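A closer look at the structure
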Amino acid sequence: MDRFDYQELQDMNDAEDHSVARRIIVRRSKTIRERTVFSNYDEKDFRDRFRLTKEVAWAVLAKIKDKLEHKTKWNSALTAETMLLVTLRFYATGSFLQTVGDLCGVSTKTTSRVVTVVSHNLALLAKDIICFPSDEELRSIQKQFYMTAKFPRVIAAMDCTHIKISSPGGDEAELYRNRKGWFSFNVQTLCDSTLKILDIVARWPGSAHDATIFRNSRICARLKNGEFQNGIVVADSGYQNTNWVLTPLSQCNSPEENLYNESLVRTRNCVERSYGVWKRRFPVLSLGLRINIAKVESIVVATAVLHNICCLNRDWEPPPLSPGVEDMIRSSLEFPAYNHLPSISRNNHMRLTLIDQHFSNLL
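The following paragraphs examine the structure supplied in this document. Sequence order as written defines residue numbering, which begins from 1 separately in each chain. In keeping with the predicted nature of the model, local features appear solely for residues at pLDDT of at least 70, side-chain atom pairs appear and are counted solely at 80 or more, and the whole-chain, interface and lining totals rest on all residues. Only hydrogens and water are set aside; all other atoms, that is, all heavy atoms of the structure, feed into the side-chain values.

1. A short note on the overall build of the protein
- Helix and strand definitions follow DSSP, with helices as H or I runs of at least four residues and strands as E runs of at least two, each counted in order from the N terminus. Of regular secondary structure, the protein possesses 15 helices and five strands.
- Burial classes: relative accessible area under 20% of the type maximum marks a residue as buried, over 50% as exposed, and values in between as partly exposed (1.4 Å probe, protein chains only). Here the protein holds 363 residues, and the buried ones make up 49% of them.
- In the protein, the proportion of contacts linking residues at least 24 apart, taken out of those at least 6 apart, comes to 71%.
- The accessible surface values rely on the Shrake-Rupley method and a 1.4 Å probe; as for residues, cover is taken only from the protein chains in view. Roughly 19,500 Å² of accessible area belongs to the protein as shown, and the carbon and sulfur atoms make up 50% of that amount. Whether two residues are in contact is decided by their heavy atoms: any pair within 4.5 Å suffices.

Structure below.
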């Protein structure tokens with residue numbers, strides 16, 4: 001019988017140990033970096049970086065703080081304050097999550113989770129912040145609209161705007177490609193004369209027509225059912241003219257019709273201005289959301305909530321942006337108009353009545 005070679009066995013064991021050692025992943029030591037807090041900035045620097053005043057940011061934090069705070073402080077858990085500032089910085093820059101995390105002292109994965117959680121809780125405030133007011137307040141809104149351009153009974157101006165996203169991939173990616181050739185969500189809003197958003201629909205892909213979004217929205221059913229009594233909504237030619245949604249005439253044949261068109265355009269101008277203020281305050285909406293499309297709706301609604309809170313605090317002018325960013329935002333706001341949808345004679349009653357009984361008397 002051959003003698004057992006112990007040296008060969010030892011060599012085999014050494015080789016196996018070396019192979020296992022090469023497969024061992026050495027974990028990096030955890031480093032807690034300095035994190036952003038309110039007190040690190042004065043009022044101007046804070047507003048430039050986070051697009052809100054400190055007063056408004058504190059007010060927002062008070063509304064969601066209980067839902068953000070961790071039960072313990074283990075592992076240097078983020079405070080609600082830091083979580084809000086990380087999210088605001090993401091809205092303000094549209095940067096990659098890693099860049100935002102580096103600026104705020106947190107990891108990329110943590111930044112992603114924080115933006116998701118904070119955006120979700122901000123969006124939940126929409127039921128109280130983005131809504132049509134009571135009947136008495138609606139009458140006040142109608143008076144404010146009338147003071148703009150003498151257009152009676154208007155309760156809101158309506159339009160859609162495109163929120164840029166990266167390609168979602170998959171079989172349905174082309175549904176998100178809009179008329180300008182880039183990927184987006186087509187978001188419908190109704191606003192009052194102070195630029196406050198009263199209703200928002202943020203779930204449709206960029207290829208969806210404005211009129212399709214409106215026909216399938218809850219606000220359309222509410223208007224049809226007469227929930228706002230004699231209130232009407234003004235919109236552009238991308239919508240069907242009805243007795244509760246008034247659009248411009250495709251051709252004017254009299255002075256009163258010209259006056260009707262001019263008054264309608266001036267009255268609905270507030271919704272265009274609201275998009276400019278909204279997107280300049282939160283450039284991520286124009287620069288592009290580089291995240292999973294399942295998270296886009298909550299982020300859009302969350303920024304709309306913050307926009308309304310700023311309007312309620314009479315902060316209508318966001319901080320200035322660099323020329324390059326300003327150009328990108330302006331490009332996202334400039335969309336070719338839809339062709340006039342064909343009018344149906346039975347839907348023109350309200351429009352004709354206003355022209356004959358109101359605008360003719362203003363001449």
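2. Re the nonpolar core
- In terms of nonpolar packing, the biggest core is built from 100 residues, with Phe90, Tyr91, Phe151 and Trp278 touching the most fellow members.
- Looking at this core, the element that brings in the most residues is helix α13 (residues 296–312), giving 11 residues.
- Beyond its immediate stretch of four places on either side in the chain, tyrosine 91 contacts Ser119, Leu122, Phe282, Pro283, Val284, Ile299, Ala302, Thr303 and Leu306. Here, nonpolar core refers to any group of buried Ala, Val, Leu, Ile, Met, Phe, Trp, Tyr and Cys residues whose side-chain atoms link them within 4.5 Å.

3. Quick look at helix α11 (residues 255–281)
- An expected span of 1.5 Å times one less than the residue number is assigned to each helix. End to end, α11 covers 40 Å across 27 residues, agreeing with the expected 39 Å (1.5 Å per residue, within 8%).
- Of all the bends in α11, the largest measures some 30 degrees and sits at arginine 268. We define the bend at any residue as the angle between the axes fitted to the seven residues before and including it, ending there, and the seven starting there.

4. Remarks on the environment of serine 119
- Inspection of the secondary structure assignment puts serine 119 in helix α6 (residues 108–123).
- The class for serine 119 is buried, based on a relative accessible area of 0%.
- Along the primary structure serine 119 and glutamate 297 are separated by 178 residues, whereas in three dimensions their C-alpha atoms are 9.4 Å apart.
- Ignoring sequence-local partners within four residues, the contact set of serine 119 consists of Thr87, Tyr91, Ser298, Ile299 and Ala302.
- In the analysis that follows, any N or O atom pair within 3.5 Å is treated as a polar contact, provided that within protein one partner can donate a hydrogen and the other can accept it, and provided that, for residues neighboring in sequence, both atoms belong to side chains. Within the local environment of serine 119, its side chain forms a polar contact with the side chain of tyrosine 91, the two groups lying 2.5 Å apart.

5. Section: the sheet that holds strand β1 (residues 154–164)
- Following DSSP output, two strands are said to pair if at least two bridges run between them. Strand order in this open sheet of five strands is β3-β2-β1-β4-β5, and the pairing throughout is mixed. If you trace the sheet from one side to the other, it starts and ends with β3 (197–205) and β5 (245–246), each paired once.
- Of the pairings in the sheet, the one linking strand β4 (residues 232–234) to β5 comprises two bridges and is parallel in character. Each residue of the ladder has a partner; that of valine 234, found in β5, is leucine 246.
- Angular values range over 0 to 180 degrees, each being the angle between N-to-C directions of two axes fitted as lines to C-alpha atoms, with helices fitted over their stretch in contact. α11 rests against β1, β2 (184–191), β3, β4 and β5 of the sheet, and its axis sits at about 45 degrees to β1.
- Relative to the sheet, α13 contacts β1, β2 and β3, its axis offset from that of β3 by approximately 165 degrees.

6. Describing the environment of phenylalanine 214
- Relative to the assigned elements, phenylalanine 214 resides in helix α9 (residues 210–215).
- Taking relative accessible area as the criterion, phenylalanine 214 reaches 8% and is therefore assigned buried.
- Taking the C-alpha atoms as reference points, phenylalanine 214 and tyrosine 239, 25 residues apart in sequence, are found 8.2 Å from one another.
- If near-sequence neighbours (up to four positions away) are discounted, phenylalanine 214 is found in contact with Met158, Gln188, Ile219, Cys220, Leu223, Tyr239, Trp244 and Val245.

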